[in-house]
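Examining the three-dimensional arrangement
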Amino acid sequence: MRLFSPAKINLFLKILGKRGDGYHEIASLFQAVDLGDWITFTPAQEDRLTCTDSTLCCDSTNLVYKALTLFRRESDFKGLLSIHLEKHIPQEAGLGGGSSNAATTLYALNCLAKSPFTHEELIELGSQLGSDVPFFFSRGAAYCTGRGEKVFSLPIPYPMKNFWLVKPVEGLSTPKIYHTLRLNERVPNAINDLEEPAFALLPSLKTLKENLLSQGFEAVFLTGSGTAFVCVGNTIPVVAPDIKLFSLKSIVREEKEWYKT
Ligand code: C5P
């Protein structure tokens, strides 16, 4: 079984406050995009996770492995699997790559195990693995609240024309960004409230945003906790050679199907 595991972008992300459990209450519009990884699940003599990206840990800390362990613990599925991850989603980018991989793995295992879990139960399992995991069980466009795990599917994808993704070499870790966030320093008209803490940790990001805005885009904003920027407009971003550039399209999945490109 080979499944597409899409990235997401946040078309807006507002932080509403800090909760007693240490998480932040958010309000965000999530959209799945056609940039994504591919994951292959093959019956095997023993469990094995491999990846095309040698910088990614393939041990028990990988969210794919965590999803497999959680699924086994909660079901009587005993099948052993060789899982191969073909990585295209940049890491530490705010694109939800690990969360998407976890959701895709839960979906695949549920198919292979002949559906022991309902859709709602899969979402609940996903929320145990990370705040962004449940979104990937939506149809591709959703308004998300709570710590991000409360997902309200929207009927149509956001009409994305002329969207670009710009990913600088440097990455940022999500917990570090939330730790740096100062709630009383939020900017009222910010598309993404996590931009300010990202700029505080990595000032070169602010310079990159200013550079992109000077190229005439209608909007330039960070996705999630960064470091990837979404650029909206009719021009093609001109960036330094070490900066990755992707053209993006929104994707949706049909009811009872997984995402396709
Ligand atoms: O849920 P997830 O494991 O992806 O979150 C990683 C970290 O990001 C959390 O431990 C927390 O520090 C921070 N976070 C947060 N508020 C959210 C989501 C994540 O503070 N809504």
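Just above sits the structure.
Residues numbered from 1 in each chain as written. Predicted model: local features only at pLDDT ≥ 70, side-chain atom pairs only at ≥ 80, totals over all residues. Heavy atoms only, no water.

What follows deals with the site of the ligand. For the ligand, the full set of nearby residues is Gly22, Tyr23, His24, Ile26, Gly130, Ser131, Arg147, Thr174, Pro175 and Tyr178. One of the side-chain nitrogen or oxygen atoms of Ser131 is found 2.5 Å away from an oxygen atom of the ligand. When isolated, the ligand has an accessible area of 450 Å², and the protein chains bury 73% of it. Looking at the shell around the ligand, the elements that each hand over two or more residues are β2 (24–43) and α4 (174–180). Looking at the shell around the ligand, the element that brings in the most residues is α4, giving three residues. Residues that form the shell around the ligand fall into these classes: four nonpolar, five polar and one charged. (Near = heavy atom within 4 Å. Polar contact = N/O pair within 3.5 Å; in protein donor to acceptor, adjacent residues only side chain to side chain. Areas by Shrake-Rupley, 256 points an atom, 1.4 Å probe, with all protein chains shown as cover. Helix = DSSP H or I, 4+ residues; strand = E, 2+ residues; numbered from the N terminus. Nonpolar A, V, L, I, M, F, W, Y, C, P; charged D, E, K, R; others polar.)

Let us look at the side chain of Ser99. Looking at the secondary structure, you find Ser99 in helix α2 (residues 97–112). Beyond its immediate sequence surroundings of up to four residues, Ser99 is in contact with Leu63, Asp132, Val133 and Phe136. (Contact = heavy atoms within 4.5 Å.)

This brings us to the nonpolar core. In this structure, Ile83, Leu106, Phe137, Leu205 and Phe229 are the most contacted members of the largest nonpolar core, which totals 58 residues. Of the residues forming this core, the biggest block, six residues, is contributed by α2. Residues Leu35, Ala219, Val232 and Leu248 belong to the second largest nonpolar core, which totals 19 residues. (Core = buried A, V, L, I, M, F, W, Y, C linked by side-chain atoms within 4.5 Å. Buried < 20%, exposed > 50% of the residue type's maximum accessible area, 1.4 Å probe, protein only.)

Looking at helix α3 (residues 119–129), one finds that the buried residues are Leu122, Leu125, Gly126, Ser127 and Leu129. Of the surrounding elements, those touching the buried residues of α3 are α1 (63–74) and α2.

Another point: the sheet that holds strand β7 (residues 163–167). In space, the four strands of this open sheet follow the order β8-β9-β7-β10, with antiparallel pairing throughout. Taken across any chain shown, the strands that pair with only one partner, and hence form the sheet edges, are β8 (219–222) and β10 (244–248). When strand polarity is set aside, the average angle formed by the axes of neighbouring strands in this sheet is 20°. Across the sheet, helix α6 (residues 203–214) lies against β7, β8 and β9 (229–232), angled at about 10° from β9, the strand it touches most. (Pairing = 2+ DSSP bridges. Axes fitted to C-alpha atoms, helices over the stretch in contact; angles between N-to-C directions.)

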